[in-house]
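Observations on the three-dimensional arrangement
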Amino acid sequence: PLMRSLLTRRVPLQVGRMCYSSSVPTTKLFIDGKFVESKSSEWLDIHNPATNEVIGRVPKATQEEMLAAVDSCSRAYHAWSDTSILTRQQVFLRYQQLIKDNIKELAKEITREQGKTLADAEGDVFRGLRESFQIIFRMAGMNTEKVVEHTCSITSLMLGETLPSITKDMDTYTYRLPIGVCAGITPFNFPAMIPLWMFPMGMVCGNTYLLKPSERVPSCAMMLAKLLQDAGAPDGTLNIIHGQHDAVNFICDHPAIKAISFVGSNQAGEYIYERGSKNGKRVQSNMGAKNHGVVMPDANKENTLNQLVGAAFGAAGQRCMALSTAILVGDARGWLPDLVERTKKLRVNAGDQPGADLGPLISPQAKGRVHQLIQSGVDEGATLLLDGRNVKVKGYENGNFVGPTIISNVTSEMKCYKEEIFGPVLVVLEADDLDEAIKIINKNPYGNGTAIFTTNGAVARKYTNEVDVGQIGVNVPIPVPLPMFSFTGSRASFRGDTNFYGKQGIQFYTQIKTVTSQWKAEDATLKSPAVTMPT
Ligand code: NAD
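Worth saying up front: this structure is predicted, and the values here are computed from it rather than measured. (Residues numbered from 1 in each chain as written. Predicted model: local features only at pLDDT ≥ 70, side-chain atom pairs only at ≥ 80, totals over all residues. Heavy atoms only, no water.)

Section: the overall build of the protein chain
- The number of helices and strands found in the protein chain is 17 helices and 24 strands.
- The C-alpha radius of gyration of the protein chain comes to 25 Å, within 12% of the 24 Å expected for a compact globule of 535 residues.
- Structurally, the protein chain occupies a C-alpha span of about 85 × 65 × 45 Å along its principal axes.
- Evaluated residue by residue, the protein chain yields a buried proportion of 56% over its 535 residues.
- Taking the intrachain contacts of the protein chain between residues at least 6 apart in sequence as the baseline, contacts between residues at least 24 apart amount to 71%.
- In the protein chain, 56 side chains carry a positive charge and 53 a negative one; their mean positions are 3 Å apart. (Helix = DSSP H or I, 4+ residues; strand = E, 2+ residues; numbered from the N terminus. Rg over C-alpha atoms; globule rule 2.2 N^0.38 Å. Buried < 20%, exposed > 50% of the residue type's maximum accessible area, 1.4 Å probe, protein only. Contact = heavy atoms within 4.5 Å. Lys, Arg positive; Asp, Glu negative; His and termini not counted. Charge placed at Lys NZ, Arg CZ, Asp CG, Glu CD.)

Structure follows, in structure tokens:
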């Protein structure tokens, strides 16, 4: 019902100069509290990755529509930033419940557009819920177990600071305040979680928000907007536009937008960071990755191999924290045959089919690129232990499926090692000892995530100290931090100086106002102008 309320109208489409009647639903814009049909003449097809059938169309919003959206954010800002934190928090308390109530429908839509399995799609929504809402819960000191644990630190993040009597009769104090209209640009791989990293945090701090979801998976964001409206967010506090480069440029250039959150590829993220920063905006860019899992010979073998397989191939490898590179250290090199055997058991199928472990890739282009990268490994002398290129999925012959693939004997000079593959491909390197493994990782430009598998605390400690990566798991394959911390990818995986969510998320979406006040007693009144700097 939620999705139907957004997408049932089927309108005649004009694409280029061709005008024809479309039988697929169109994605609306969300402007000033209304879901409106775009007047654009440029539309993009949305495909179901399991079949490649066109399931919808998304507009490239016109300049007028984008201006209307940002104007709506600007108009709503004054009242929203003036609304008490408790009222804003109430909106999000209702919102988190509505998301939970609709999690199945959201997941279904994610699977239809993005391809991931239904269970994984629910995880997508759930992580977004957690990462954005626990903060809001804890800000209010809500009385649940998890909330209470962190209430103190979160409420202190929203508090200003005070220092009385910094000199005679003078006090200084600070307020943490919103910054204005903020914008988010999101990728295709987490249609719920990543938008939910952005607008709830930005909005609860008192900002209004302009979102541009991935043009490949726009429907989930529309459903999230509808639920937010149902939760009582006033018109104009969230606006959604669609499109590609023009929409991105619009966001980077419009003077009313004060901050941009971006998640996606390095090509786009570097560009947005540079263009947005040049225009005086705060920008945070979470980008690509090459995450290494180091397997020490003393690790718990059963556990390690299962974790490695899950983290390499889950979501068909289309996670920025996928453990896409294994480094087998010393005698752990002998574990390769077991790794392959376990991997062979994974089932490739359409995401909505029972028992599917991994679904299709997002597009035929993505599939072609992954095939090429696998071939490049073969051409450069690596060993293809498991080849997923010829996988056939019964009933879904046109889907973008690639089966789990393992390439061993990979060196750090090979293309399949240097490039982010973003598919179900595990490349395996070997190292004689921990020092060699650390050297390999620190030479790689990316710094998103890594994991070490070991039963030796001293080894784990050395690793966490010496490896130059933002998020480290010790016997935890995908160490995405919960919301009391921040998502701290580093080096080429991140641009900016304030990370997503957690304390740093609050900092990104707020600014500090510092007040110094003096209240002198009547008899201490200055008798003449003070022309020197006070000391
Ligand atoms: P993408 O960069 O192609 O798209 C992301 C957004 O940028 C989209 O909204 C798109 O419209 C826009 N865009 C695309 N190309 C652009 C360009 N040249 N100029 C301006 N805007 C552009 O990314 P994707 O393929 O949707 O997502 C996959 C990538 O995202 C991977 O590299 C993955 O590692 C990364 N990612 C990173 C994180 C993280 O937290 N570090 C999380 C998820 C995904």
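Looking at the site of the ligand
- The full set close to the ligand counts 26 residues, and Thr 186, Glu 215, Ser 265, Met 287 and Glu 420 are the nearest of them.
- Take His 245: an N or O atom from its side chain is 3.4 Å from a nitrogen atom of the ligand.
- Starting from 830 Å² of accessible surface for the ligand in isolation, the protein chains cover 90%.
- Where the shell around the ligand is concerned, the elements lending two or more residues are helix 7 (193-204), helix 9 (245-253) and strand 12 (257-263). (Near = heavy atom within 4 Å. Polar contact = N/O pair within 3.5 Å; in protein donor to acceptor, adjacent residues only side chain to side chain. Areas by Shrake-Rupley, 256 points an atom, 1.4 Å probe, with all protein chains shown as cover.)

Quick word on the packing of aromatic side chains
- With the rule as written, the count across this model stands at 11 aromatic pairs.
- Consider the rings of Phe 92 and Tyr 95, whose centres lie 6.1 Å apart with planes at 75°: the pair is edge-to-face. Here the residue Phe 92 and the residue Tyr 95 both occupy positions in helix 3 (residues 85-101), the gap between them amounting to 3 residues, near one helical turn. This pair shows no difference in class: Phe 92 is buried, exactly as Tyr 95 is.
- With a centroid separation of 5.9 Å and 90° between ring planes, the pair formed by Phe 188 and Phe 422 is classed as edge-to-face. (Phe/Tyr/Trp six-rings, centres within 6.5 Å; stacked < 30°, edge-to-face > 60°.)

Describing the sheet that holds strand 24 (residues 510-518)
- As summarised here, the arrangement of the 3 strands in space is 7-8-24, forming an open sheet in which the pairing is antiparallel. Looking at which strands have only one partner, the edges of the open sheet turn out to be strand 7 (162-167) and strand 24. Across this sheet, the average inter-strand angle for adjacent strands is 25°, counted without regard to direction.
- Where strand 8 (residues 170-178) meets strand 24, 9 bridges bridge the pair, whose relative direction is antiparallel. (Pairing = 2+ DSSP bridges. Axes fitted to C-alpha atoms, helices over the stretch in contact; angles between N-to-C directions.)

What about the sheet that holds strand 17 (residues 405-408)?
- Strand order in the open sheet formed by 7 strands is 16-17-18-15-14-20-21, with mixed pairing between adjacent strands. Only two strands of the sheet have a single neighbouring strand rather than two, namely strand 16 (383-386) and strand 21 (471-474). Averaged over neighbouring strand pairs, the angle between their axes works out to 20° when direction is ignored.
- Across 4 bridges, strand 14 (residues 292-295) lies against strand 20 (residues 449-453) in parallel orientation. Looking at strand 20, one finds that His 292 is bridged to Thr 450.

Remarks on the nonpolar core
- Among the nonpolar cores identified, the biggest contains 60 residues, and Val 294, Ile 327 and Val 410 are the most heavily contacted of them.
- Apart from the residues within four sequence positions on either side, Val 410 is in contact with Ala 382, Cys 416, Tyr 417, Val 427, Val 428 and Leu 429.
- Listed in part, the 54 residues of the second largest apolar core include Val 91, Phe 92, Met 198 and Leu 224. (Core = buried A, V, L, I, M, F, W, Y, C linked by side-chain atoms within 4.5 Å.)

Describing the pairing of strand 5 (residues 43-47)
- Two elements, strand 5 and strand 6 (residues 54-59), share 5 bridges in a ladder whose sense is antiparallel. Looking at strand 6, one finds that Asp 45 is bridged to Arg 57.

With respect to the confidence of the model for the protein chain
- Per-residue confidence for the protein chain gives a mean pLDDT of 90, with 90% of residues at or over 70.
- Per the prediction output, this complex has pTM 0.92; the corresponding ipTM is 0.99. (pLDDT = per-residue confidence, 0-100.)

A word on helix 16 (residues 457-466)
- Regarding helix 16, the residues found buried are Val 459, Ala 460 and Tyr 463. The arc that holds every buried residue of helix 16, seen down its axis, measures 100°, which confines them to one face. Exposed residues pointing more than 90 degrees away from the buried face of helix 16 are listed as Gly 457, Ala 458, Arg 461 and Asn 465.
- Packed against the buried residues of helix 16 are strand 14, helix 15 (434-443), strand 20 and strand 21.
- Between a side-chain oxygen at the N-terminus of helix 16 and the backbone nitrogen of Ala 458 the separation is 2.8 Å; the capping residue is Asn 456. (Arc of directions from axis to C-beta.)

Concerning the environment of Leu 106
- Position of Leu 106 among the secondary structure elements: in helix 4 (residues 103-114).
- What makes Leu 106 buried here is its relative accessible area of 0%.
- Residues Leu 106 and Val 125, spaced 19 residues apart in sequence, show a C-alpha to C-alpha distance of 7.4 Å.
- Residues contacting Leu 106, with those up to four places away along its chain left out, are Ile 99, Val 125, Cys 220, Met 223, Leu 224 and Leu 227.

Remarks on helix 9
- Along helix 9, the positions that sit buried rather than exposed are Ala 247, Val 248, Asn 249, Phe 250, Ile 251 and Cys 252.
- As for helix 9, its buried residues are in contact with helix 2 (63-82), strand 9 (181-185), strand 10 (208-212), strand 12 and helix 10 (266-278).

Points about the packing of helix 2 against helix 9
- Following both chains from N to C, one finds helix 2 and helix 9 inclined at 40°, their axes separated by 11 Å at the closest point. The orientation of helix 2 relative to helix 9 falls into the category oblique. The interaxial crossing formed by helix 2 with helix 9 has right-handed handedness. Between helix 2 and helix 9, the residues in contact are Gln 63, Met 66, Leu 67 and Val 70 and Asp 246, Ala 247 and Phe 250, respectively.
- Per-class residue counts for the contact of helix 2 with helix 9 are 5 nonpolar, 1 polar and 1 charged. (Parallel < 35°, antiparallel > 145°, perpendicular 65-115°, else oblique. Left-handed = near helix turned anticlockwise from the far one by under 90°. Nonpolar A, V, L, I, M, F, W, Y, C, P; charged D, E, K, R; others polar.)

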